[in-house]
Amino acid sequence: MRTGLMFLAIPVTLGIALGAFASQAYESPADGAQDTDAGHVLTASALTAGGSPALGDAAAEVTMVEWGDYQCTYCYLFHKGTLQHIKDSYVETGKMRLVFKDFALNGPDSALAAEASRCAAEQSRYWEYHDLLYRNWGGERTGWITAGALGTLAESAGLDIPEYERCMESERHRDAVAESYRAGQDIGIDATPSFMIFDDKNVVKIRGNQPQEVFVAAIEELLQN
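Calculation rules
Residues numbered from 1 in each chain as written. Predicted model: local features only at pLDDT ≥ 70, side-chain atom pairs only at ≥ 80, totals over all residues. Heavy atoms only, no water. Axes fitted to C-alpha atoms, helices over the stretch in contact; angles between N-to-C directions. Helix = DSSP H or I, 4+ residues; strand = E, 2+ residues; numbered from the N terminus. Parallel < 35°, antiparallel > 145°, perpendicular 65-115°, else oblique. Left-handed = near helix turned anticlockwise from the far one by under 90°. Contact = heavy atoms within 4.5 Å. Buried < 20%, exposed > 50% of the residue type's maximum accessible area, 1.4 Å probe, protein only. Arc of directions from axis to C-beta. Core = buried A, V, L, I, M, F, W, Y, C linked by side-chain atoms within 4.5 Å. Phe/Tyr/Trp six-rings, centres within 6.5 Å; stacked < 30°, edge-to-face > 60°. Salt bridge = Lys/Arg side-chain N within 4 Å of Asp/Glu carboxyl O. Disulfide = S-S within 2.5 Å.

Asker: I tried to follow the packing of helix α5 (residues 126-135) against helix α6 (residues 147-156) on my own but got confused; where do I start?
Answerer: Each packed pair of helices is defined by two parameters, the angle between the axes and the distance between the axes. Relative orientation of the contacting elements α5 and α6 amounts to 130°, with a least axis distance of 9 Å. In this view, α5 runs oblique relative to α6, as classed from their interaxial angle. Along this stretch, α5 crosses α6, giving a crossing that reads as right-handed. In this structure, α5 uses Y129, L132 and L133 to contact α6, whose residues at the interface are L150, L153, A154 and S156.

Okay, here's the thing in structure tokens:
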């Protein structure tokens, strides 16, 4: 029987838990097995399904999935700080790839921004638009996310504006954004940002914008396994 990912308990000298999980095996979808608690199989493909285009080498040994909300304060702080170190040290060097999954817990404005990012992805400008959203962050539930503001960011990202507007008017990504939220809940995501960092055998869950050293410890442990 082929097994899926296992939660990996990693000791951290900072005393911050990297996902307080006991080791637990999950069956591969190919075997038709499910985790009896969550009712869902935990595999690498399941963790990345429905997410953003991957940033980094597709053959990288480690993947980090972030569940985020474009209005979330701590998501903004993570993108402003720790993320750049992770990109420089692990993504640009081919050791890790990044995937972002929408978890729009701050309501319709967050969902609208997520839809806009998916319209940008249709033009192969996802990460440019994603980064602009965080660089222009205006707080939680302050009204800064509007159709007009999102359109201005689309111009800054170099999108074909008529094509972008047609995408937004069609609302064709609305269901996918909602499904991303439900899928996250199904595997225990309940806050943003939340992360799962994994290789082909183990997964570490990090909840919140923890210090940079916490992410580095998790990544390094997986790379050394």
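Asker: Teacher, can you tell me more about helix α2 (residues 73-80) here?
Answerer: An α-helix turns once every 3.6 residues. As a result, residues three or four positions apart point the same way. All of the buried residues in α2 are C75, Y76, F78 and H79. The buried residues of α2 occupy an angular sector of 160° when projected down its axis, which confines them to one face. Facing away from the buried side of α2 by more than 90 degrees, the exposed set consists of Y74 and K80. Contacts from the buried residues of α2 go to β3 (62-68), α3 (82-91), β4 (96-102), α5, β5 (194-198) and α9 (212-224).

Asker: I keep staring at the nonpolar core and nothing clicks. Help me out?
Answerer: Looking at soluble globular proteins, one finds that nonpolar side chains tend to be buried together. Ranked by size, the top nonpolar core spans 30 residues in total, and within it Y70, Y129, L133, L150, L159 and Y164 carry the most contacts. Within the residue set of this core, elements represented by two or more residues are α2, α4 (108-122), α5, α6 and α7 (161-170). Once residues lying within four places of it in the same chain are set aside, the contact partners of L159 are A120, Q123, R125, Y129, A154 and Y164. Judged by nonpolar contacts, the second largest core, of 18 residues, contains V62, Y90, M96 and L222.

Asker: So what exactly am I meant to see when it comes to the packing of aromatic side chains here?
Answerer: The description of two aromatic rings rests on the distance between their centres and on the angle between their planes. For the structure shown, the criterion picks out ten aromatic pairs. Summarising the aromatic geometry, the rings of Y129 and Y164 are spaced 6.4 Å apart at their centres and angled 40° between planes, so their arrangement reads as tilted. Taken together, the positions of Y129 in helix α5 and Y164 in helix α7 put the pair 35 residues apart, joining distant regions of the chain. Residue Y129 is classed as buried on the basis of its relative accessible area, which comes to 0%. Between the aromatic rings of F195 and F215, the centroid separation amounts to 4.9 Å while the plane-to-plane angle is 85°, which identifies the pairing as edge-to-face. One end of the pair, F195, is in strand β5; the other, F215, is in helix α9, with 20 residues separating them in the sequence. Comparing F195 with F215 shows no difference in burial state: the two are buried.

Asker: Would you explain the packing of α3 against α9 in this entry?
Answerer: Running from amino to carboxyl end, α3 crosses α9 at an angle of 25°, the nearest separation of the two axes being 10 Å. Judged by the inter-axis angle, α3 sits roughly parallel to α9. Note that α3 runs across α9; the crossing there is right-handed. Together, T82, H85, I86 and Y90 of α3 and Q212, F215, V216, I219, E220 and L223 of α9 make up the contact between the two elements.

Asker: Looking at this structure, I do not really get the pattern of salt bridges. What am I missing?
Answerer: Pairs may arise between side chains of opposite charge once their charged atoms sit close together. Across all of its chains, the model carries eight salt bridges by this definition. K87 is the salt-bridge partner of D131, the closest N and O atoms lying 3.7 Å from each other. Highlighted residues: D131 in helix α5 and K87 in helix α3, separated in sequence by 44 residues. Shared partners join several salt bridges into a network, and the residues in it are E115, E171 and R174.

Asker: Would you take a moment to explain the state of the cysteines for this structure?
Answerer: Every disulfide links exactly two cysteines, by a covalent bond between their sulfur atoms. Within the structure shown, the criterion is met by one disulfide. Shown here is the disulfide that connects C119 with C167, its sulfur atoms set 2.0 Å apart. Between C119 and C167 the sulfur-sulfur dihedral comes to about -85°; the bridge is accordingly left-handed. Residue C119 is found in helix α4, and its partner C167 is found in helix α7; the two are separated by 48 residues along the sequence. Take C119: its relative accessible area is 3%, and that puts it in the buried class.

Asker: Would you explain unusual backbone geometry in this entry?
Answerer: Most peptide bonds are trans, and most residues other than glycine sit at a negative phi. Residue P193 follows T192 across a cis peptide bond; omega there is -10°. Positioned with a positive phi, R141 is a non-glycine residue whose angle comes to about 55°. Position of R141 among the secondary structure elements: in the loop between α5 and α6. Backbone geometry at E171 places phi at a positive 55°, although glycine is not the residue there. Note on placement: E171 falls in the loop between α7 and α8 (174-186).

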